[in-house]
Amino acid sequence: MTISAAPGASPAPAPGRDLPAPPEPLPVAVTDAHTHLGTTARKSGLQPADALARARRVGVRRLVDVGYDVESSRAAMALAEQHDEVIAALAIHPHDVVELGDGLDEAMRALEGLLGTSDRVRAVGETGLDFYWVKDGCGRDAQRAAFAAHIGWAKAHGLALVIHDRDAHEALTEVLDAEGWPERVQMHCFSGDAAFARRCLDAGAYLSFPGTVTFKANEALREAARITPLDRILVETDAPYLTPIPVRGRPNASYLMPHTVRFLAELRGEPLEEFCAAIDANATALFGDWGTEPASVAGGGGTEPAGAADDGGSDG
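Keep in mind the model is a prediction, meaning the values are calculated, not measured.

For the protein chain, the helix and strand inventory stands at 11 helices and eight strands. Counting over 316 residues, the protein chain shows a buried share of 56%. Contacts spanning at least 24 positions in sequence make up 75% of the contacts within the protein chain whose residues lie at least 6 apart. Per element, the accessible surface of the protein chain, about 12,300 Å² overall, is 51% carbon and sulfur.

Let us look at the sheet that holds strand 2 (residues 60-66). Spatial ordering of the open sheet is given by 1-2-3-4-5-6-7-8, a layout of eight strands whose pairing is parallel. Taken across any chain shown, the strands that pair with only one partner, and hence form the sheet edges, are strand 1 (30-35) and strand 8 (233-235). The sheet shows a mean angle of 25 degrees between the axes of neighbouring strands, taken without regard to direction. Summarising the sheet, strand 6 (residues 185-187) and strand 7 (residues 206-209) pair through two bridges and their orientation is parallel. Following the sheet pairing, Met187 is matched in strand 7 by Leu207. Lying over the sheet, helix 8 (residues 194-202) contacts strand 5 (160-166), strand 6 and strand 7, oriented at roughly 135 degrees with respect to strand 7. Those strands touched by helix 10 (residues 257-268) are strand 1, strand 2, strand 7 and strand 8, and its axis lies near 150 degrees from that of strand 8.

Before going further, it helps to spend a moment on unusual backbone geometry. Between Gly125 and Glu126 the backbone carries a cis peptide bond, its omega angle lying at 10 degrees. Cis peptide bonds are those with omega within 30 degrees of zero, and the linkage from Ile245 to Pro246 qualifies with 20 degrees. If you trace the backbone, Pro246 turns up in the loop between strand 8 and helix 10. For Asp167, which is not a glycine, the phi torsion comes out positive at approximately 55 degrees.

Our next topic: the pairing of strand 1. The buried fraction of strand 1 amounts to six of the six residues, a majority that puts the element mostly inside the structure. Of the pairings in the sheet, the one linking strand 1 to strand 2 comprises four bridges and is parallel in character. Among the inter-strand pairings, Val30 is bridged to a residue of strand 2, identified as Val60.

Mapped onto the secondary structure, Leu172 falls in helix 7 (residues 169-179). A relative accessible area of 0% places Leu172 in the buried class. Linking Leu172 and Asp130, residues 42 residues apart in sequence, is a C-alpha distance of 9.1 Å. Beyond its immediate sequence surroundings of up to four residues, Leu172 is in contact with Gly128, Leu129, Phe147, Ile163, His164, Asp165 and Met187.

Under the defined criterion, the tally for this structure stands at 10 salt bridges. Between Arg144 and Asp141 there is a salt bridge whose closest N-O contact spans 3.0 Å. Of this pair, Arg144 and Asp141 both sit in helix 6 (residues 137-157), three residues apart, which is roughly one turn of the helix. Overall, the relative accessible area of 28% leaves Arg144 in the partly exposed class. Close ionic contact of Glu170 with Arg199 constitutes a salt bridge, the shortest N to O distance being 3.0 Å. Note that Glu170 is positioned in helix 7 and Arg199 in helix 8, a separation of 29 residues in sequence. By relative accessible area, Arg199 is classed as partly exposed at 35%. Because the salt bridges share partners, they merge into one network encompassing Glu219, Arg222, Glu223 and Arg226.

Interpreting fine coordinate detail is not advised for predicted regions of low pLDDT. Averaged over every residue, the pLDDT of the protein chain is 90; the share at 70 or more is 87%. Across the protein chain, the element-wise mean pLDDT spans from 95 in helix 4 (residues 94-100) up to 99 in strand 8. A low-confidence stretch, residues 4-16 (pLDDT under 50), is modelled with 12 contacts involving residues beyond four sequence positions or located in other chains. A low-confidence stretch, residues 294-316 (pLDDT under 50), is modelled with 39 contacts involving residues beyond four sequence positions or located in other chains.

One finds Phe147, Leu161, Met187, Phe190, Phe209 and Val261 to be the most contacted residues of the largest nonpolar core, which totals 74 residues. Here this core takes six residues from helix 6, the largest share from any one element. Excluding its chain neighbours within four sequence positions, the residues that come into contact with Phe209 are Phe190, Leu221, Ala224, Ala225, Thr228, Ile233, Leu234, Val235, Glu236, Thr260 and Leu264.

For helix 11 (residues 272-287), built from 16 residues, the straight-helix expectation of 22 Å at 1.5 Å per residue is met to within 8% by its first-to-last C-alpha distance of 23 Å. Those residues of helix 11 not exposed but buried are Leu272, Phe275, Cys276, Ala278, Ile279, Asp280, Asn282, Ala283, Leu286 and Phe287. Two residues or fewer after helix 11 comes Gly288, characterised by a positive phi angle close to 90 degrees.

Turning next to the packing of helix 5 (residues 104-114) against helix 6. Put simply, helix 5 and helix 6 touch, their axes get as near as 12 Å, and they point 15 degrees apart. As the angle between them shows, helix 5 and helix 6 are arranged roughly parallel. Viewed along their axes, helix 5 and helix 6 form a crossing whose handedness is right-handed. Every residue of helix 6 that contacts helix 5 at Met108, Leu111 and Glu112 is listed here: Ala146, Ala149, His150 and Trp153. Grouping the amino acids of the contact of helix 5 with helix 6 by side-chain chemistry returns five nonpolar, one polar and one charged.

Reading the values: the criteria
- Residues numbered from 1 in each chain as written.
- Predicted model: local features only at pLDDT ≥ 70, side-chain atom pairs only at ≥ 80, totals over all residues.
- Heavy atoms only, no water.
- Helix = DSSP H or I, 4+ residues; strand = E, 2+ residues; numbered from the N terminus.
- Buried < 20%, exposed > 50% of the residue type's maximum accessible area, 1.4 Å probe, protein only.
- Contact = heavy atoms within 4.5 Å.
- Areas by Shrake-Rupley, 256 points an atom, 1.4 Å probe, with all protein chains shown as cover.
- Pairing = 2+ DSSP bridges.
- Axes fitted to C-alpha atoms, helices over the stretch in contact; angles between N-to-C directions.
- Salt bridge = Lys/Arg side-chain N within 4 Å of Asp/Glu carboxyl O.
- pLDDT = per-residue confidence, 0-100.
- Core = buried A, V, L, I, M, F, W, Y, C linked by side-chain atoms within 4.5 Å.
- Expected span 1.5 Å × (residues − 1).
- Parallel < 35°, antiparallel > 145°, perpendicular 65-115°, else oblique.
- Left-handed = near helix turned anticlockwise from the far one by under 90°.
- Nonpolar A, V, L, I, M, F, W, Y, C, P; charged D, E, K, R; others polar.

This is the structure in structure tokens:
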């Protein structure tokens, strides 16, 4: 998750349902490897059931709903229990680690208590380090300690680790090297260059690319995407943030992921069908089988379920 305001700042008013039109459906179904359904609902008014229906129509058949504090982690777990196409990741985000202050220990205990209570929880995350906002040594040390604890939980429960890394590449890998990389790691919203990509790939991580890869200034990120092996690349929205071109500046949602998928397939010079199949298979390899797939997406693509509710038009 990307924080657009300083920690502690008042949240911006919800802009309403200023939602872009849906892109052309993908030819092969894919997985949104990182999204925030609850935050999307608060930011744009797109409720989870509607978000899932829109995603299905364009061939996004599965989602990873990611928690960032105790409340959102519980909500992600509840949605995963209700919807076959959703699995959950639970964590205290590095921003919240600092913001919680004296309440951190209690929150960490509450979060740890959720782990192992549902087979729909497939990952610990998003956790990691974010040195963009946090400059003081005590805050950064608190992030390191919490990150180390999350790494331990992922290994103890046999779960994937979903990593948030902003302006903290070196410190992040120092913690991972000291604690030991879990067997399955997702570098969420990958933000490094090709050299850092190789370092993470050498440790066995999957690199997950959001809409930022489409932004004109991010050539170093595109080079990282080019050198990532086909069996180690993921695509995500981080919705409601990081909306890709050509709809940048509007609220993001899982149904807009085909823009990024098509961009990356073309960037890498791979057939779209092959690229879609690979990122979907990689999500299964990282997070495990979602279980029984909804009938509406069992055959892949953007198939509309019989009797699906009308969402009121392409622009919401």
